Amino acid sequence: MKGMSTKALFDQLAEAVMTMKPELVVELARKVLEQGLSPQDAMTQGLAAGMRRMGEKYAAKECFVPEVLLASKAMYAGFDILKEHVAGGGHSRGKVALGVVQGDIHDIGKNIVKVMVQAAGFEVVDLGRNVPLPEFVRAAENGAAVVGISSLMTTTMPRMGKVVEALDKAGLRPGVKVIVGGAPVTERFAQNIGADGFAPDAHAAVLEIERLVGQVSR
Ligand code: B1M
């Protein structure tokens, strides 16, 4: 592993996730830190990239659910090493509530977004997965400047629109901004349900949240 280029190291991380090798993921994550490379980049270009490809393999019926779950375990092993080194450092840039919409238990992507948003210096309130609609509203009432909703299934996506409606009804918007994401979610869908923002991946989510927080005045 000596003298490995940044790209090669991140590719190896992705590969170690896909081959479900937590010990190797940990070793490579430590290497990232030793070499002074960006832990954020290692998360997106290594760990998350491996997990995304695993999802694609599953979709193509090239692997089974237990393998996807073992890959996610390997991914989290790397996260545990890297996340200590990406903490936003003291001052919070604002509160962001994140949750997976009701009926949906897919939270791997949301957890990646969470770590990246925390790394960017925001306080994250993690609502978890299968989150009932009123909990999003409560989080907004309790000071979240941005409410982030994740959904991985076409069947649960429409519930994101219900959350937006509920926030409207509670008179919390436009003071509170809403960002949505998850594999089946598109920019057009986000616009159609009246969300303020959309991001296709965790890195884009951070940029979008930074933009949205800049619009919040309260
Ligand atoms: Co299931 N599952 N699953 N699953 N699962 C999918 C989503 C599916 C597409 C598989 C398929 O059929 N091809 C399909 C949904 C079909 C549809 O749309 N209707 C599906 C199904 C049907 C189901 C069950 C119903 C299966 C069953 O029981 N019959 C069941 C659902 C139960 C429920 O939710 N009520 C189920 C269960 C599971 C497991 C528990 C086994 C497991 C989830 C484990 C967990 O999350 N804790 C699982 C998994 C792993 C998958 C796949 C294989 C992988 C998902 C994943 O983790 N991707 C998935 C197939 C696939 O995606 N090809 C599938 C990796 C992750 C890093 O990507 O989540 O997209 P992603 O996150 C990205 C971006 O989307 C973005 O950033 C992340 C990082 O870059 N992003 C955001 C995510 N959230 C964001 C929020 C933002 C911004 C960006 O702002 C707030």
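Residues numbered from 1 in each chain as written. Predicted model: local features only at pLDDT ≥ 70, side-chain atom pairs only at ≥ 80, totals over all residues. Heavy atoms only, no water.

1. With respect to the packing of aromatic side chains
Inference 1: Applying the stated criterion across every chain yields a total of 1 aromatic pair.
Inference 2: Pairing tyrosine 76 with phenylalanine 79 gives two aromatic rings, centres 6.3 Å apart and planes at 80°, and the pair type is edge-to-face. Of this pair, tyrosine 76 and phenylalanine 79 both sit in helix H4 (residues 65-83), 3 residues apart, which is roughly one turn of that helix.
Inference 3: We classify tyrosine 76 as partly exposed; its relative accessible area is 25%.
Inference 4: Phenylalanine 79 gets classed as buried once you look at its relative accessible area, which sits at 3%. (Phe/Tyr/Trp six-rings, centres within 6.5 Å; stacked < 30°, edge-to-face > 60°. Helix = DSSP H or I, 4+ residues; strand = E, 2+ residues; numbered from the N terminus. Buried < 20%, exposed > 50% of the residue type's maximum accessible area, 1.4 Å probe, protein only.)

2. Digging into the side chain of serine 72
Inference 1: For serine 72, the location among the structural elements is in helix H4.
Inference 2: By relative accessible area, which is 7% here, serine 72 ends up buried.
Inference 3: Excluding its chain neighbours within four sequence positions, the residues that come into contact with serine 72 are Met51 and Ile108. (Contact = heavy atoms within 4.5 Å.)

3. Describing the site of the ligand
Inference 1: Taken together, 33 residues sit near the ligand, with Gly55, Ile105, His106, Asp107 and Ser150 positioned nearest.
Inference 2: One of the backbone nitrogen or oxygen atoms of isoleucine 108 is found 3.4 Å away from an oxygen atom of the ligand.
Inference 3: Measuring from a nitrogen atom of the ligand, one finds a side-chain N or O atom of arginine 129 at 3.3 Å.
Inference 4: For the shell around the ligand, the secondary structure elements donating two or more residues are helix H3 (39-59), H4, helix H5 (108-119), strand S3 (146-150), strand S4 (177-181) and helix H9 (202-215).
Inference 5: Across the shell around the ligand, the residue classes tally to 20 nonpolar, 9 polar and 4 charged.
Inference 6: Of the residues that make up the shell around the ligand, three or more belong to each of domain 1 (2-89) and domain 2 (95-215). (Near = heavy atom within 4 Å. Polar contact = N/O pair within 3.5 Å; in protein donor to acceptor, adjacent residues only side chain to side chain. Nonpolar A, V, L, I, M, F, W, Y, C, P; charged D, E, K, R; others polar. Domains from an automatic or database assignment.)

4. Here's the deal with the domain arrangement of the protein chain
Inference 1: Under the domain assignment used here, the protein chain contains domain 1 (2-89) and domain 2 (95-215).
Inference 2: On a C-alpha basis, the centres of domain 1 and domain 2 stand 24 Å from each other.
Inference 3: With 13 residues of domain 1 at the interface, the matching set in domain 2 holds 10 residues.
Inference 4: In this structure, the connection of domain 1 to domain 2 is made through 0 salt bridges.
Inference 5: Applying the counting criterion to the domain 1 and domain 2 interface returns 1 residue pair in polar contact (both at pLDDT 80 or more).
Inference 6: When contributions to the side of domain 1 that touches domain 2 are tallied by element, the ones reaching two or more residues are H3 and H4.
Inference 7: The residue makeup of the side of domain 1 that touches domain 2, split by class, is 8 nonpolar, 4 polar and 1 charged. (Salt bridge = Lys/Arg side-chain N within 4 Å of Asp/Glu carboxyl O.)

5. Description of the sheet that holds S3
Inference 1: Here we have 5 strands laid out as an open sheet, ordered S2-S1-S3-S4-S5, and parallel in their pairing. At either end of the open sheet lies a strand with only one pairing partner, and these are strand S2 (123-131) and strand S5 (197-198).
Inference 2: As paired elements, strand S1 (residues 95-101) and S2 share 6 bridges and run parallel to each other. Paired with valine 96 across the two strands is valine 124, which belongs to S2.
Inference 3: Lying over the sheet, helix H6 (residues 133-141) contacts S1, S2 and S3, oriented at roughly 170° with respect to S2.
Inference 4: Sheet contacts for helix H7 (residues 158-169): S1, S3 and S4; angle to S4, the most-contacted strand, approximately 175°. (Pairing = 2+ DSSP bridges. Axes fitted to C-alpha atoms, helices over the stretch in contact; angles between N-to-C directions.)

6. Some words on unusual backbone geometry
Inference 1: Residue arginine 173 is joined to proline 174 through a cis peptide bond whose omega torsion reads 10°.
Inference 2: Looking at the element boundaries, proline 174 is found in the loop between H7 and S4.
Inference 3: The phi angle at lysine 61 is positive, at roughly 60°, despite the residue not being glycine.
Inference 4: Within the element layout of this structure, lysine 61 appears in the loop between H3 and H4.
Inference 5: In this structure, asparagine 130 takes a positive phi of about 50° despite not being glycine.
Inference 6: Its location among the elements puts asparagine 130 in strand S2.
Inference 7: Judged by its relative accessible area of 37%, asparagine 130 is partly exposed.

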